[in-house]
Amino acid sequence: MRALLVVNPKATTTNDRSRDVLARALASELDLSVEHTGHRGHAAELARKAVESGMDLVVTLGGDGTINEAVNGLLADGPAPHTALAVVPGGSTNVFARALGLPNSWVDAAGVILEAVREGRSRSVGLGMADDRYFTFCAGFGMDAAVTRRVERSRRKGRASTPLLYFQSALAQYASRQERHPSLTLSREGAPDEPGLSMAIVQNTAPWTYIGAKPVHPNPEASFDLGLDVLALRGLWLPSTIRTITQMLSSGQEPHGKRVLRLHDADGFTLSTPKAMAFQVDGDYVGERRSVVFRAVPDALRVVC
């Protein structure tokens, strides 16, 4: 089996020595090539070339952003049924890998992947699409994307990506009063528009993210095997926002309330706003948007897991 290992040198859980160990382990079972990413979008370029050259497998070592790029490269020219994806967790959160049931340790995950390769074990998962970009587990419009933007700015200044950094960024963003006023509208075929929304979280699977080992569940029923789930808030007033966050952190309670809008297993919809708002996919800030069309793409990607 011909395979490409795409390594993000900034993977937070590995060093040069451990990456060499991983490459040698994979090379013991695969006809392996190794490439290191050098700039944003490079993983997509490498994955696309892997499909064009007939590779059977693309393995990523990095975080969710690296995986997102690789997925978009794999599918850049349409379905790629002959090239599967395997992910070795190397980021700070690794939501997609954990949603696939992989251990959060790169060593243990690599062992699972090698066993799956030997046994020919894989599955197809559905993806979400935001305009022309695939996402594997989530997208966000408004507050959560603005928090992601703050975190990325802090990381460029040398701060580590930790739960504390996200918490501080969320408090700072809320205190700034930006994107707090309801201006988003959710539109979908066959249903009335839902105006007056302040932010929206779109999920392709659950959980949305983790705080350490604890999963966070805006939409607990989201699944790779179904359509898209949405949690949107009508205003970010402090009491209702705190109540919703508490519900998201609870293992036995789904978010609900007068200011909460939720959709389950949706085929598609549009989020629009007269004033551009922050937007993120798979935990990466990608700029500001006035409108994004979302749709579910069933059985879009074959993964080794």
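What comes next concerns the included structure. Since the structure is predicted, the reported quantities are computational estimates derived from the model, not experimental observations.

## A few points about empty space enclosed by the protein
Over the atoms, a rolling probe the size of a water molecule traces out where space has been left empty.
Point 1. Overall, the coordinates contain one cavity of 30 Å³ or more when judged by the stated rule.
Point 2. Within this model, the largest cavity holds a volume of roughly 40 Å³.
Point 3. Residue lining of the largest cavity: Leu233, Gly235, Ser240, Thr241, Arg243, Thr244, His256, Gly257, Lys258, Arg259 and Val260, and that is the complete set.
Point 4. For the lining of the largest cavity, the leading source of residues is helix 8 (residues 238-249), giving four residues.
Point 5. A class-by-class count of the residues in the lining of the largest cavity yields two nonpolar, six polar and three charged.

## Quick look at the packing of aromatic side chains
Point 1. Counted by the stated rule, this structure contains five aromatic pairs.
Point 2. With centroids separated by 5.1 Å and ring planes inclined at 20 degrees, the aromatic side chains of Phe269 and Phe294 adopt a geometry described as stacked. With Phe269 in strand 15 (residues 268-281) and Phe294 in strand 16 (residues 284-303), this pair connects stretches of sequence that are 25 residues apart.
Point 3. Ring pairing ties together the aromatic residues Phe135, Phe141, Phe269, Phe279 and Phe294, which thus form one cluster.
Point 4. The ring of Tyr210 carries Arg98 above its face, with NZ or CZ at 3.6 Å from the centroid.

## Concerning the pairing of strand 13 (residues 228-233)
Point 1. With respect to burial, strand 13 is a largely interior element, six of its six residues being buried.
Point 2. In the sheet, strand 10 (residues 199-203) pairs with strand 13 via five bridges, with the strands oriented antiparallel. Looking at strand 13, one finds that Ile201 is bridged to Leu231.
Point 3. Direction of pairing for strand 13 relative to strand 14 (residues 260-266): antiparallel, over a ladder of five bridges. From the neighbouring strand, Leu228 faces strand 14, where its bridge partner is Ala266.

## Remarks on the environment of Val88
Point 1. Here Val88 lies in strand 4 (residues 84-89).
Point 2. According to the relative accessible area criterion, Val88 is buried, its value standing at 1%.
Point 3. C-alpha of Val88 to C-alpha of Thr60: the two residues are 28 residues apart in sequence and 5.9 Å apart in space.
Point 4. Every residue in contact with Val88, bar those within four places of it in the chain, is listed here: Leu22, Val59, Thr60, Leu61, Gly62, Trp106 and Ile113.

## Things to note about the pattern of salt bridges
Point 1. Going through the model one piece at a time under the given rule, you end up with 10 salt bridges.
Point 2. Across the pair Asp284 and Arg40 runs a salt bridge whose closest N-O atoms are separated by 3.8 Å. Here Arg40 lies in the loop between strand 2 (31-36) and helix 2 (42-52) and Asp284 lies in strand 16, a separation of 244 residues in the sequence.
Point 3. Judged by relative accessible area, Arg40 falls into the exposed class, the value being 54%.
Point 4. Measuring nitrogen to oxygen at the nearest pair gives 3.8 Å for the salt bridge that ties Glu52 to Arg48. Taken together, the residues Glu52 and Arg48, both in helix 2 and four residues apart, mark about one turn of the helix.

## Considering the packing of helix 6 (residues 143-156) against helix 7 (residues 163-175)
Point 1. One way to put it is that helix 6 packs onto helix 7 with a least axis distance of 9 Å and a crossing angle of 120 degrees. In this view, helix 6 runs oblique relative to helix 7, as classed from their interaxial angle. Of the two possible hands of crossing, helix 6 and helix 7 adopt the one that is right-handed. Only Leu165, Tyr166, Ser169, Ala170, Ala172, Gln173 and Tyr174 of helix 7 make contact with helix 6, whose side of the interface consists of Met143, Ala146, Val147, Arg149, Arg150, Val151, Ser154 and Arg155.
Point 2. Its residues assigned to classes, the contact of helix 6 with helix 7 comprises nine nonpolar, three polar and three charged.

Criteria and cut-off values
Residues numbered from 1 in each chain as written. Predicted model: local features only at pLDDT ≥ 70, side-chain atom pairs only at ≥ 80, totals over all residues. Heavy atoms only, no water. 1 Å grid on protein atoms, 1.4 Å probe; cavity = no way out; pocket = protein on both sides within 12 Å on 5 of 7 lines; lining within 4 Å. Points joined across faces, edges and corners; volume = space filled by probe spheres on them. Helix = DSSP H or I, 4+ residues; strand = E, 2+ residues; numbered from the N terminus. Nonpolar A, V, L, I, M, F, W, Y, C, P; charged D, E, K, R; others polar. Phe/Tyr/Trp six-rings, centres within 6.5 Å; stacked < 30°, edge-to-face > 60°. Lys NZ or Arg CZ within 6 Å of the ring centre and 35° of its normal. Buried < 20%, exposed > 50% of the residue type's maximum accessible area, 1.4 Å probe, protein only. Pairing = 2+ DSSP bridges. Contact = heavy atoms within 4.5 Å. Salt bridge = Lys/Arg side-chain N within 4 Å of Asp/Glu carboxyl O. Axes fitted to C-alpha atoms, helices over the stretch in contact; angles between N-to-C directions. Parallel < 35°, antiparallel > 145°, perpendicular 65-115°, else oblique. Left-handed = near helix turned anticlockwise from the far one by under 90°.

The analysis is restricted to geometry; functional conclusions fall outside its scope.
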